[in-house]
Structures are given as C-alpha cells and as structure tokens.
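A look at the structure
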Amino acid sequence: MVEDIFDELERRTDTEGFIEITIGNNQTWKVKNILNKGASQLDIDILEEVLNKRLPDSYKEFLLLHNGCRLFEHPYYGGENYIYSSHEVIDLRPQIDEHYTNQVRIARILGDNIVLNLDNDTISVCNETSSIAESISLKCNFLNWLREFIAKDGQNIWENYT
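These numbers were taken from a predicted model, which means no experiment stands behind them. (Residues numbered from 1 in each chain as written. Predicted model: local features only at pLDDT ≥ 70, side-chain atom pairs only at ≥ 80, totals over all residues. Heavy atoms only, no water.)

Here we look at unusual backbone geometry
Note the following rule: The way it works is that DSSP assigns letters per residue, a run of H or I at least four long becomes a helix, a run of E at least two long becomes a strand, and they are numbered from the N terminus. Partly exposed residues are those whose accessible area sits between 20% and 50% of the maximum for their type, while under 20% is buried and over 50% is exposed, using a 1.4 Å probe and protein chains only.
For Asp121, which is not a glycine, the phi torsion comes out positive at approximately 50°. Within the element layout of this structure, Asp121 appears in the loop between strand 6 (112-117) and strand 7 (122-127). On the basis of relative accessible area, Asp121 is assigned to the buried category, the value being 18%. Here Asp153, not a glycine, exhibits a phi torsion of approximately 55°, which is positive. Mapped onto the fold, Asp153 is located in the segment after helix 5 (142-151). What makes Asp153 buried here is its relative accessible area of 13%.

See the structure below:
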C-alpha cells in the first residue's frame, strides 16, 4: 500500500525528476522528491530493539521501501518536509520524554514534529519546541497520513484532523 503511494508520486514526476505542485496562493512550483534507499531488515530489527516495540506494518513498509525521504523540495529554496530514516529516529530518541516510550518522532514537516504512537499506529503533531505530551492527535494512522500528505502536495493537512 505504501508502494502504491510512491508509485503515484513517480507517475507525476517528469523526465527531469520534477513534479509541479500548487501552493497557498495558486502559485505553481516545480519541486523534487529525494527518496532514500530502503532500510535493511537488520535496520528494522535494530530500530524495534531500541524502541522495545514492534513497528506498525505500514511504517515498516515505508522504511523498507524508502528509509527516509525529503518531499517537495524546491530546487532553490529547499524544503521542510523530512520523514526520518530509521537511524535518525534512533538518534532523536533521547530527546523524547521517558514517560512516552510508546511514541516516536518520525518526521519534521513545516516546522512541526510528526509523532507515531507505536501501540495503536496513530499519528499526532506537535510544534518543534513542544513536548510529545502536548501533541494533538490527527485521528489517522501512518498510512492514511502519508497518503493524504502526498496527495495534498505537502501542504499542512493538520486542520483536517484536529
């Protein structure tokens, strides 16, 4: 299912590697998506061991397909849409309150942290300066969040869920 989302993104990509998106005020930009090579099963096993939790299947599928990515990067201005690799998730782990061991930061999107609850595969969002305790549920799972985020060309979709 995750593969279908990225296949659709690939179909929208021109021969030079760009896709055209419309932003806020109906302005169009040509942007690139930078997709990492997939994680190995060993990378997944290490991440699950460090987290002491089993990863949701759709998130694991994403990591095996693209172990992190940068989406909708403007060629001159860059971008603010990073879905972390398994190694980055581990590196960020010490920044999380020890009381929230079931939650992990998996992305930084437009200055917000995207948080995955490993117990029930739900996504929440919090400001980059906020703790996970202050995160707001988006009332969706990883797969649905990823599908909608990409379908909306990286635009802020938070208000649809809060």
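From this point on, the discussion continues.
What about the pairing of strand 6?
Where we set the bar: Paired strands, in this sense, are two strands between which DSSP finds at least two bridges.
Of all 6 residues making up strand 6, 6 are buried, and the element is well covered by its neighbours. Neither face of strand 6 is open: one carries Asp112, Ile114 and Leu116, the other Asn113, Val115 and Asn117, and all of them are buried. With 6 bridges connecting them, strand 5 (residues 103-109) and strand 6 associate as antiparallel partners. Each bridged residue has a counterpart across the sheet, and for Ala107 the counterpart in strand 6 is Ile114. Here strand 5 folds back onto strand 6, and the loop between the two strands holds 2 residues, one of which, Leu110, carries a positive phi near 50°. Pairing analysis gives 6 bridges linking strand 6 to strand 7, with the strands arranged antiparallel. By the bridge assignment, Asn113 is partnered in strand 7 with Cys126.

Focus on the environment of Asp7
Within the fold, Asp7 resides in helix 1 (residues 2-11). By relative accessible area, Asp7 is classed as partly exposed at 34%. Along the backbone, Asp7 and Gln41 are 34 residues apart, and their C-alpha atoms lie at a distance of 22 Å.

Regarding a negative patch on the surface
Formally: Residues with no salt bridge and a relative accessible area higher than 30% make up the patches, which join like charges within 9 Å and nonpolar side chains (Val, Leu, Ile, Met, Phe, Trp, Tyr) within 5 Å. Only the protein chains shown count as cover for residues, and all accessible areas are computed by the Shrake-Rupley method using a 1.4 Å probe. One speaks of a salt bridge when a side-chain nitrogen belonging to Lys or Arg is within 4 Å of a carboxyl oxygen belonging to Asp or Glu. Neither His nor the chain ends is counted toward charge; the positive residues are Lys and Arg and the negative residues Asp and Glu. We put the charge of a Lys on NZ, of an Arg on CZ, of an Asp on CG and of a Glu on CD.
On the surface, Glu3, Asp4, Asp7 and Glu10 cluster together into a negatively charged patch. Exposure remark for Glu3: the relative accessible area of 44% places this residue in the partly exposed category.

Describing the pattern of salt bridges
Tallied over the full model, the rule gives 8 salt bridges. As a salt-bridge pair, Lys30 and Asp14 come within 3.3 Å of each other at their nearest N and O atoms. Highlighted residues: Lys30 in strand 2 (residues 27-35) and Asp14 in the loop between helix 1 and strand 1 (18-23), separated in sequence by 16 residues. Close ionic contact of Glu48 with Lys60 constitutes a salt bridge, the shortest N to O distance being 3.3 Å. Here Glu48 is found in helix 2 (residues 41-51), whereas its partner Lys60 is found in helix 3 (residues 57-65), with 12 residues between them in sequence. Each member of the pair, Glu48 as well as Lys60, carries the same accessibility label: buried.

Some points on the layout of surface pockets
Test applied: The method works on a 1 Å grid over the protein atoms by themselves. A cavity is a set of points holding a 1.4 Å probe that cannot get out, a pocket is an open set with protein on both sides within 12 Å along at least five of seven lines, and residues with an atom within 4 Å of a point line them. Grid points are joined across faces, edges and corners, and a volume is the space filled by probe spheres set on the points.
Its boundaries defined by the atoms lining it, the largest pocket holds a volume of some 220 Å³. Contributing elements (two or more residues each) for the lining of the largest pocket: strand 1 and strand 2.

Some remarks on the pairing of strand 5
In terms of burial, strand 5 is a largely internal element, 6 of the 7 residues being buried. Two strands pair when backbone bridges link them, and strand 4 (residues 81-83) and strand 5 are joined in this way by 3 bridges, in the antiparallel orientation. Within the sheet, the bridge partner assigned to Asn81 lies in strand 5 and is Ile109.

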